[in-house]
Amino acid sequence: MDWDAARVSLLLSGLTALTLLPASLWVSRWLATSTSRSRPLIEAALLLPLLLPPTVIGFYLLTSLGGASTVGTWLAQHLGLHLVFTFEGLLFASWLINLPFMIQPLQRAFAAVPRSVREAAWVSGLSDWRTFWRIELPLAWPGVLAGAALTFAHTLGEFGVVLMVGGNIAGQTRTLSIAIYDRVQAFDNTAAQQMSLVLVGLSLAALAIVFALGRRNPLQER
Amino acid sequence: MLSVEVFQTMPVPLAARFDCRPGELVALVGPSGSGKSTLLRCIAGLMHPSRGRISCNDRIWFDSESKLRLAPQQRRVGLVFQHYALFPHLSALSNVALASARPDADTHAADLLGRLGLVGLAERRPSELSGGQQQRVALARALAREPDVLLLDEPFSAVDQPARHELYRELAELHRAVALPIVLVTHDLHEARRLADRMVIIDGGTTLQQGTPAQVLSQPRNARVAELVGIQNHFEGVFLHGSEAGWGRLQWGADGGTELHVRDKGRIEEGAAVSWVVPAEHIGVHRHAPRGPNVQRARLSEALPLGDIALCRFDMLNVRAAVQLHQTTAQLQRGELVVGEEVFLQFDPSGVHIMPRHVGLRWRKGEKRTLSL
């Protein structure tokens, strides 16, 4: 069992879910309520990571953010940020590939809040902000937790992008899924099996949470 | 006082103008899709019409000229939505308290729930309440805002019949107790007649007529209003001045047909084609020719039993027209009225209401022609 890889995986998954959530709340609420003509294009762009092979995303990130690239050079010079073969780079890549996993359940949850309930809040004198906090977010809460749980589970299992962008640096960018691949290459099936079981258990727990929360939706009680 | 003047062509055409005084209950009545709810949304600030002005108690809420558009939060409107739109994750108490701006919001909310007969139900969520109870919570929430105007959007449509009558009574009590302008949207004429001080008939977003329910139902302004309010005995004819001052003649039917003695209010020109209605209570049914004016021979051609009453169709013998009246089933059973026999119908001149004919009135295919009665 590679405990360093487990630590990197859990840290990456937890941070991805936590840091992706605030912006996703804003974007998904906008997508759920907007009548803008640009909405289908934005929705398509946000779903793209679901369809593209992870290696393709990884390749683009590697070439666009690497030290030889304009963006990579600018980031290194002005912000001291290196996004290739670093944990920060992994986190950035995880944000991108998890956008559909986070935004889809959130968007569906916000879209399920009836317009009349939102309007009732406004007519009751609640500001847009209070309407969001007191009415929309609590009603969309199962979707929020589902988005976070799916993002967490998906990040745990991600392989292609992680390998392309992060490489395989022990304690920094080697996640459980990379470590499993590594152990299989070294014919250490016992360790690979242990780590695989951990991933299966964590993913199962995350999905169980999603389904359990889906059953406790106050919008479905009526 | 609430004053509303709104006009627009898209997306829903609107050309509406009406007032509602404090303590007055005005019913906006019209068929489905007539723009009544849209009008209510304009008052609440949930949508803005292209042109117009909406003010309440000398405060302007919307004015297209000065580009003033107050948000719903700034309008102090209490709105009861058609399906209540309660916050499903909150208790009845929290639903109401959230709308109260008072420092003691919870006490205020509990007091309102108590006044509306919801003692002991404060901690229940909307899903644990009956339709009638949910409606009361929605009403309490609307009142918790301490609104300047109370808007009710078909508030009884989702409630079953027994609960509806109880709620009618409660709304009537509330109407007496609060000095607020109350605007009720409904497609149910019975409801409007029972609850409203004034009715505003709306069709295609346009206010066609306003007045007390008795006025609108007995003196519709035009043929469309007569159709909308479900007046069955609605005919066409030609108006002629009479020899006596204040009296005129109504030529009923083509080629002379027959004539009725009617009031001449000096508003209609000699020879004008008119529509006319006569409420059922102004038509007498007699087996023997009575004394007085406007006695016409008719034959009872059909009697459709509807429980205690029967819908009877009388074919006029001097004109190609039929009069529909409700008679008691007992009258038919006692043989006072027999299908196929001749009777005499007497039209009370004061009940005959004559209107200019609505030229170009065309029904759209599949359109609901009358309001539910």
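### A short note on the overall build of chain B
- If you tally the helices and strands in chain B, you get 9 helices and 21 strands.
- Along the first, second and third principal axes, the C-alpha atoms of chain B reach 75 × 55 × 40 Å.
- Within chain B, counting contacts between residues at least 6 apart in sequence, those at least 24 apart form 65% of the total.

### Overview of the domain arrangement of chain B
Residues and elements named next belong to chain B.
- In terms of domains, chain B is made up of domain 1 (2-223) and domain 2 (224-356).
- Here the C-alpha centroids of domain 1 and domain 2 sit 38 Å apart.
- Every contact between the two is made by 14 residues of domain 1 and, on the other side, 14 residues of domain 2.
- Looking at the side of domain 1 that touches domain 2, the elements with two or more residues in it are strand S10 (198-203), strand S11 (206-211) and helix H7 (213-218).
- By residue number, the principal contributor to the side of domain 1 that touches domain 2 is H7, which donates 3 residues.

### Digging into the sheet that holds strand S18 (residues 309-316) of chain B
Residues and elements named next belong to chain B.
- The antiparallel open sheet is built from 5 strands, whose spatial order is S16-S20-S17-S18-S19. The open sheet has two edge strands with one neighbour each: strand S16 (283-286) and strand S19 (322-328). Pairwise comparison of adjacent strand axes, ignoring direction, gives a mean angle of 40° for this sheet.
- Bridge analysis of S16 against strand S20 (residues 342-347) gives 4 bridges, and the strand direction is antiparallel. When the bridges of S20 are listed, Ile283 appears paired with Phe347.

### Regarding the nonpolar core
- Ranked by internal contacts, the top residues of the largest apolar core, which has 150 residues, are Ala27, Ile43, Val96, Leu151, Val183 and Ile201 of chain B.
- Looking at which element gives the most residues to this core, the answer is helix H7 (residues 128-157) of chain A, with 11 residues.
- Split by domain, this core shows at least three residues from each of two domains, domain 1 (2-223) and domain 2 (224-356) of chain B.
- Those residues in contact with Ile201 of chain B, other than ones at most four positions away along the chain, are Val29, Gly30, Leu208, Gln209, Val216, Val225, Leu228 and Val229 of chain B.

### Looking at the pairing of strand S2 (residues 14-20) of chain B
Residues and elements named next belong to chain B.
- Pairing between strand S1 (residues 2-8) and S2: 7 bridges, direction antiparallel. The partner of Val6 across the bridge, within S2, is Ala16.
- Hairpin connection between S1 and S2: a loop of 5 residues separates the two successive antiparallel strands.

### Quick word on the interface of chain A and chain B
- At the junction of the two partners, chain A supplies 19 residues and chain B supplies 20 residues.
- Within the residue set of the side of chain A that touches chain B, elements represented by two or more residues are helix H6 (115-123) and H7 of chain A.
- Of all the elements, H6 of chain A adds the most residues to the side of chain A that touches chain B, at 6 residues.
- Its residues assigned to classes, the side of chain A that touches chain B shows 11 nonpolar, 4 polar and 4 charged.

### Points about the confidence of the model for chain A
- In the predicted model, chain A carries a mean pLDDT of 88, and the fraction of residues at 70 or more is 96%.
- Element-level mean pLDDT values for chain A span from 85 in helix H8 (residues 160-166) of chain A up to 95 in H6 of chain A.

### Topic: the pairing of strand S8 (residues 149-153) of chain B
All names here are of chain B.
- In terms of burial, S8 is largely enclosed, as 5 of its 5 residues are buried.
- Neither face of S8 is exposed, since Val149, Leu151 and Asp153 on one face and Leu150 and Leu152 on the opposite face are all buried.
- Bridge analysis of strand S7 (residues 77-80) against S8 gives 4 bridges, and the strand direction is parallel. Following the sheet pairing, Gly78 is matched in S8 by Leu150.
- Across 4 bridges, the pairing between S8 and strand S9 (residues 182-186) is parallel. Residue Leu152 lies in a different strand from S9, and its bridge partner there is Leu184.
- One crossover worth recording links S8 to the parallel S9 by way of helix H5 (residues 161-177), and it is right-handed.

### Concerning unusual backbone geometry
Residue and element names in this part refer to chain B.
- Met10 connects to Pro11 through a cis peptide bond whose omega is -10°.
- Within the fold, Pro11 resides in the loop between S1 and S2.
- In the Ramachandran plot, Glu146 falls in the positive-phi region, its phi being about 50° despite a non-glycine side chain.
- Examined against the element boundaries, Glu146 turns out to sit in the loop between helix H4 (131-144) and S8.
- On the basis of neighbour counts, which here come to 14 C-beta atoms within 10 Å, the residue Glu146 falls in the partly exposed class.

### Remarks on the packing of helix H1 (residues 3-33) of chain A against helix H5 (residues 87-111) of chain A
Residue and element names in this part refer to chain A.
- Running from amino to carboxyl end, H1 crosses H5 at an angle of 45°, the nearest separation of the two axes being 7 Å. Between H1 and H5, the crossing angle belongs to the class labelled oblique. Judged by the twist between their axes, the crossing of H1 over H5 is right-handed.
- By residue class, the composition of the contact of H1 with H5 is 16 nonpolar, 7 polar and 1 charged.

### Regarding the sheet that holds strand S21 (residues 353-356) of chain B
Residue and element names in this part refer to chain B.
- The strand order S14-S13-S12-S15-S21 describes an open sheet built from 5 strands, whose pairing is antiparallel. Pairing within the sheet leaves two strands with one partner each, and these edge strands are strand S14 (258-263) and S21. Going from strand to strand, the sheet's axes swing by 45° on average, the running direction of each strand aside.
- Sheet analysis places strand S12 (residues 234-241) next to strand S13 (residues 247-252), joined by 5 bridges and oriented antiparallel. The residue of S13 that forms the bridge with Val238 is Gln251.

### Quick word on helix H3 (residues 54-65) of chain A
All names here are of chain A.
- Taking 1.5 Å of rise per residue, the 12 residues of H3 would be expected to cover 16 Å, and the 16 Å separating its terminal C-alpha atoms lies within 8% of that figure.
- Listed as buried for H3 are Gly58, Leu61, Leu62 and Leu65. The buried residues of H3 occupy an angular sector of 100° when the element is viewed end-on, so they sit on one face.
- Check the buried side of H3 and you find it contacts helix H4 (70-79), H5 and H8.

Parameters at a glance
- Residues numbered from 1 in each chain as written.
- Chains lettered and ligands numbered in written order.
- Predicted model: local features only at pLDDT ≥ 70, side-chain atom pairs only at ≥ 80, totals over all residues.
- Helix = DSSP H or I, 4+ residues; strand = E, 2+ residues; numbered from the N terminus.
- Contact = placed C-beta atoms within 7 Å.
- Domains from an automatic or database assignment.
- Pairing = 2+ DSSP bridges.
- Axes fitted to C-alpha atoms, helices over the stretch in contact; angles between N-to-C directions.
- Core = buried A, V, L, I, M, F, W, Y, C linked by C-beta atoms within 7 Å.
- Buried ≥ 20, exposed ≤ 12 C-beta atoms within 10 Å, placed from the backbone.
- Nonpolar A, V, L, I, M, F, W, Y, C, P; charged D, E, K, R; others polar.
- pLDDT = per-residue confidence, 0-100.
- Right-handed = clockwise from strand over helix to strand, strands pointing away.
- Parallel < 35°, antiparallel > 145°, perpendicular 65-115°, else oblique.
- Left-handed = near helix turned anticlockwise from the far one by under 90°.
- Expected span 1.5 Å × (residues − 1).
- Arc of directions from axis to C-beta.

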